Amino acid sequence: MSKEKQDNLMEKIVSLCKRRGFVFPSSEIYGGFAAVYDYGTYGVELANNIKAAWWRAMVQENENIIGIDSSIFMHPKVWEASGHVGGFSDPLSECRNCHTRSRVDHILEDAGIFADEKMSEEKINKLMESNKGKIKCPKCGKSDFAPAKSFNLLVKSNLGNFTGDWDKSPVYLRGETCQGIYINFKNVLDSTRARIPFGIAQIGKAFRNEITARQFIFRKREFEQMEMQMFVHPDSEMKAYEKWKERRWDYYIDLGIAEKNLKWHKHENLVFYAKAAWDIEYNFPFGFKELEGIHSRGDYDLAQHAKCSGEDLSYRDPVTGEKYIPHVVETSVGVDRTFLAVLTEAYTEEKVGGETRIILKFPKKLSPIKAAIFPLLKNKPELVKKARDIYDNLKLRFMCEFDDNGNIGKRYRRQDEIGTPYCVTVDFDSLENEDATIRDRDTMKQERVKINELEKYLSDAVG
Ligand code: ATP
């Protein structure tokens, strides 16, 4: 796709999200708040369905994966032990002309030069130096940058600190959800029948002082992660790793993502304890970018927390008696990035009778609204009553919407734009025959279905 087409698609998606109540910029009446967004009426439904699909695939369908929900705040030592206080940083450089701060690996990448955030300050500064004229400030276009410095991404808070200089010993909003999993490893082990290999999964908010706010909800400062840590025997780590790589790829196919829009990216610059790190990238409107990371982390996290807390976080095999610190295979994906991928995948324009029909062709299980119920005419009380009765019944099973506003064509277009798979219309024949018209979002085909069979029809169709 050309750059112009990519920008165009992104603009269309952002505009649809605002127009139809999927995503709003935060604090818009105050001029917005960079890299923070709110989910609107349909956005929250889509995000909930995404989380439900992930939870089902990870927790419900796997006997040996257990869910938890840990707090956003943890003891500050958690972040020292994990290495975040010392090293959770991205390379930042300031444009000497307009003072815009940019992430150096990103401006290098924009100029077609391979870089990543894990490179040392020295290495990335050398790259900047040798590509001086090529890298440009995204704001003013000049090529005059101050040397890159590591900028720590942890967000600080004064929770529980009532002194004036709390920032000298801050607590942190969690920078990733998985630390809440590691520090509960022993609790889970002691309170359940979990035996290695087993996983702990969690969905929750994470916070990062991202240097650049761009690409809509792809890079937020407050975002949500869905993470799973699989605890395994050291000898099985790479076997488990390969298995989870495969399973996470299949998960996206199952979620309705076309295989051509997914690709693997192997990390070459590994942190010292990692054995492997691959990303699943999605073809976003701005190109292939990370959707999910799959990492093999050795025993680093548990060993660090054991060392810094003084707790024994080893595992004793109940059969062999062997004692060891489990190794970890992690799968980590953002709700918001999945949201954007699912939206991008679903966004469709079709020409119908000289007009453009915009449709969000979500997989039905992800659609915010499963069925919209319409009376053909608003001013016919008998039609309105029948349609309301159907709505009142179906809403107990599915997210439904009642709409009697405007002509039927307009109502269909509105539902197409929010991705509703079925519209049910009550007309005069319905009063005589106890049936209604059901219209399919994708084919626009209509059929008559008995009113008392609608629930089964929808249940078979949307699950
Ligand atoms: P990036 O290189 O894009 O900054 P990352 O490698 O730092 O991402 P991880 O720390 O591996 O990301 O986080 C796991 C997942 O959490 C990512 O694959 C992504 O889906 C999500 N994620 C990370 N940072 C953000 C963010 N700022 N906004 C939205 N989602 C995010």
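Everything in this summary refers to the structure shown in the same document. Quantities reported herein were computed from a predicted structural model and do not represent experimental measurements. (Residues numbered from 1 in each chain as written. Predicted model: local features only at pLDDT ≥ 70, side-chain atom pairs only at ≥ 80, totals over all residues. Heavy atoms only, no water.)

## A closer look at unusual backbone geometry
Residues isoleucine 196 and proline 197 are joined by a peptide bond in cis, for which omega reads 5°. With respect to the helices, strands and loops of the structure, proline 197 is situated in the loop between α8 (185–191) and β9 (198–207). Backbone geometry places alanine 35, a non-glycine residue, at a positive phi of 65°. Assignment of secondary structure puts alanine 35 in the loop between β1 (23–25) and β2 (37–39). Classification of alanine 35 as buried rests on a relative accessible area of 6%. (Helix = DSSP H or I, 4+ residues; strand = E, 2+ residues; numbered from the N terminus. Buried < 20%, exposed > 50% of the residue type's maximum accessible area, 1.4 Å probe, protein only.)

## Some remarks on the pairing of strand β16 (residues 327–334)
Summarising burial for β16: 8 of the 8 residues are buried, a large majority. Here β16 shows no split at all, with His327, Val329, Thr331 and Val333 on one side and Val328, Glu330, Ser332 and Gly334 on the other all buried. Sheet topology places strand β10 (residues 222–232) next to β16; 8 bridges connect them, and they run antiparallel. If you follow methionine 228 over to β16, its bridge partner there is threonine 331. (Pairing = 2+ DSSP bridges.)

## Focus: the packing of helix α12 (residues 381–394) against helix α15 (residues 454–462)
Here α12 crosses α15 at 50°, and the two axes come no closer than 11 Å. The angle between α12 and α15 places the two elements in the oblique class. Of the two possible hands of crossing, α12 and α15 adopt the one that is right-handed. Residue-level contacts link Ile390, Asn393 and Leu394 of α12 to Leu454, Glu455 and Leu458 of α15. When its residues are assigned to classes, the contact of α12 with α15 shows 4 nonpolar, 1 polar and 1 charged. (Axes fitted to C-alpha atoms, helices over the stretch in contact; angles between N-to-C directions. Parallel < 35°, antiparallel > 145°, perpendicular 65-115°, else oblique. Left-handed = near helix turned anticlockwise from the far one by under 90°. Contact = heavy atoms within 4.5 Å. Nonpolar A, V, L, I, M, F, W, Y, C, P; charged D, E, K, R; others polar.)

## Digging into the sheet that holds strand β13 (residues 287–298)
Ordered by their spatial adjacency, 7 strands build an open sheet running β3-β9-β10-β16-β13-β12-β11, and the pairing between neighbours is mixed. Looking at the sheet topology across the chains shown, the edges are occupied by β3 (65–67) and β11 (262–266). Shown here is a sheet whose adjacent strand axes are inclined to one another by a mean of 25°, direction ignored. The sheet contact formed by β13 and β16 spans 6 bridges and is antiparallel. Directly across from histidine 295, in β16, lies its bridge partner glutamate 330. Packed onto the sheet, helix α2 (residues 41–60) meets β3, β9, β10 and β16 and runs at close to 160° relative to β9.

## A look at a nonpolar patch on the surface
A grouping of Leu376, Leu377, Phe428 and Leu431 is seen on the molecular surface, where their side chains present a nonpolar patch of about 280 Å² in accessible area. Mapped onto the elements of the fold, phenylalanine 428 is located in helix α14 (residues 428–433). Residue phenylalanine 428 is classed as partly exposed on the basis of its relative accessible area, which comes to 37%. (Patch = residues over 30% accessible without salt bridge, like charges linked within 9 Å, V, L, I, M, F, W, Y side chains within 5 Å. Areas by Shrake-Rupley, 256 points an atom, 1.4 Å probe, with all protein chains shown as cover. Salt bridge = Lys/Arg side-chain N within 4 Å of Asp/Glu carboxyl O.)

## A closer look at the pattern of salt bridges
Tallied over the full model, the rule gives 37 salt bridges. Note that lysine 456 and aspartate 460 form a salt bridge whose closest N and O atoms lie 2.7 Å from each other. Placement of both lysine 456 and aspartate 460 in helix α15 is noted, with a separation of 4 residues, approximately one turn of the helix. On the basis of relative accessibility, which here comes to 55%, the residue lysine 456 falls in the exposed class. Salt bridges sharing common partners tie together Glu350, Arg357, Lys361, Arg413, Asp416 and Arg439.

## Some details on the site of the ligand
Taken together, 18 residues sit near the ligand, with Glu210, Lys220, Glu290, Leu291 and Gly334 positioned nearest. Side-chain polar atom of arginine 219 to an oxygen atom of the ligand: 2.8 Å apart, as the coordinates give it. When the ligand sits alone it has 590 Å² of accessible area, and the protein chains cover 89% of it. Those elements that provide at least two residues to the shell around the ligand are β10, β13 and β16. Looking at which element gives the most residues to the shell around the ligand, the answer is β13, with 5 residues. (Near = heavy atom within 4 Å. Polar contact = N/O pair within 3.5 Å; in protein donor to acceptor, adjacent residues only side chain to side chain.)

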